[in-house]
Amino acid sequence: MLKSINRLFVLGVIVSVLGACTAGPDDTGVEYAPQMYHSTPYEPLSQIQSKESGSWLDSNPEDEHGEFYNSNPYNQFGMNMIEPVEGTIKRGTYLADNGIDPTDYATAEERLMNPYEGQQEVLKEGKALYERFCEHCHGTKGLGDGLVGAVYKGVTAYSSATVKDKKAGHIFWVITNGKGRMGAHASQISVDDRWKIVTYVQTLQKQ
């Protein structure tokens, strides 16, 4: 009797394994613990609205929808993410620059004011940030002779006639959005740190 039970158990295992291997275009075979592959919670970066999608898995989710369905029925737009409140500005955005075109350096120069202007205590930190993000192109003294600047050529010295009189807002806007060969650094340097760099760069303009 025991041998018969063992044989039936082994036979059942073999049938299950073979059944799991018979996949096709509409049937990927048996999935063990499907919840580990198809998350029950709403997925923020995908949007499957068909309630029948994944129903062939027969995994019987509690909501009685197909396994792949993940839209939020409680959101009026059927979305899984909530849109920001109208008028809000994302974290890290400098409020005063709202509405200035990324290429409008003249407006930025007149409108944007350096919150650290005249504060000598931020120069040390501004210099450290400059050495980290700027020196490789602009050089130690802002002469455009950094290791990278020497290769690219054409990096303007801060003390040159075209740059030495540029105001803080202009420098901030160039760091933020880039200009010419210089790429935008807004994603790499926080607003606060950009202004600290500006404060230090203005000391190099006078050299």
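Refer to the preceding data block for the structure.
Owing to the predicted nature of the structure, the values given are computational and were not obtained by experimental measurement.

## Observations regarding the packing of helix H6 (residues 168-177) against helix H7 (residues 191-205)
Argument step 1. Where H6 meets H7, the closest approach of the two axes is 9 Å, and the angle between their N-to-C directions is 125 degrees. By the angle between their axes, H6 is oblique relative to H7. For the crossing formed where H6 meets H7, the hand is right-handed. Residues Ala-168, Gly-169, Ile-171, Phe-172, Ile-175 and Thr-176 of H6 touch H7, and the partners they reach there are Val-191, Arg-194, Trp-195, Ile-197, Val-198, Val-201, Gln-202 and Gln-205.

## A few points about the pattern of salt bridges
Argument step 1. This model, assessed by the stated rule, comprises three salt bridges.
Argument step 2. Lys-167 is paired through a salt bridge with Glu-110; the nearest N and O atoms lie 3.4 Å apart. Residue Lys-167 is found in the loop between helix H5 (147-152) and H6, and its partner Glu-110 is found in helix H2 (residues 105-111); the two are separated by 57 residues along the sequence.
Argument step 3. We classify Lys-167 as partly exposed; its relative accessible area is 42%.
Argument step 4. Here the residues in one salt-bridge network are Glu-125, Asp-192 and Lys-196, joined through shared partners.

## Quick look at the nonpolar core
Argument step 1. Leu-112, Tyr-130, Phe-172, Trp-173, Trp-195, Ile-197 and Val-198 are the most contacted members of the largest nonpolar core, which totals 26 residues.
Argument step 2. Taken together, the elements giving at least two residues each to this core come down to H2, helix H3 (123-133), H6 and H7.
Argument step 3. The element best represented in this core is H7, accounting for seven residues.
Argument step 4. The contact partners of Tyr-130, leaving out residues within four places of it in the chain, are Glu-135, His-138, Gly-139, Thr-140, Gly-142, Tyr-158, Ile-197, Tyr-200, Val-201 and Leu-204.

## What to know about unusual backbone geometry
Argument step 1. Look at Lys-153: it is not a glycine, yet its phi comes out positive at around 65 degrees.
Argument step 2. Along the chain, Lys-153 falls in the loop between H5 and H6.
Argument step 3. Its relative accessible area of 55% is what places Lys-153 among the exposed residues.

## Comments concerning the state of the cysteines
Argument step 1. A complete count under the given rule lists zero disulfides for this structure.
Argument step 2. Distance from the sulfur of Cys-134, which forms no disulfide, to the nearest cysteine sulfur (Cys-137) is 8.8 Å.
Argument step 3. Overall, Cys-137 belongs to the partly exposed group, its relative accessible area being 22%.

Scoring rules and cut-offs
- Residues numbered from 1 in each chain as written.
- Predicted model: local features only at pLDDT ≥ 70, side-chain atom pairs only at ≥ 80, totals over all residues.
- Heavy atoms only, no water.
- Axes fitted to C-alpha atoms, helices over the stretch in contact; angles between N-to-C directions.
- Helix = DSSP H or I, 4+ residues; strand = E, 2+ residues; numbered from the N terminus.
- Parallel < 35°, antiparallel > 145°, perpendicular 65-115°, else oblique.
- Left-handed = near helix turned anticlockwise from the far one by under 90°.
- Contact = heavy atoms within 4.5 Å.
- Salt bridge = Lys/Arg side-chain N within 4 Å of Asp/Glu carboxyl O.
- Buried < 20%, exposed > 50% of the residue type's maximum accessible area, 1.4 Å probe, protein only.
- Core = buried A, V, L, I, M, F, W, Y, C linked by side-chain atoms within 4.5 Å.
- Disulfide = S-S within 2.5 Å.

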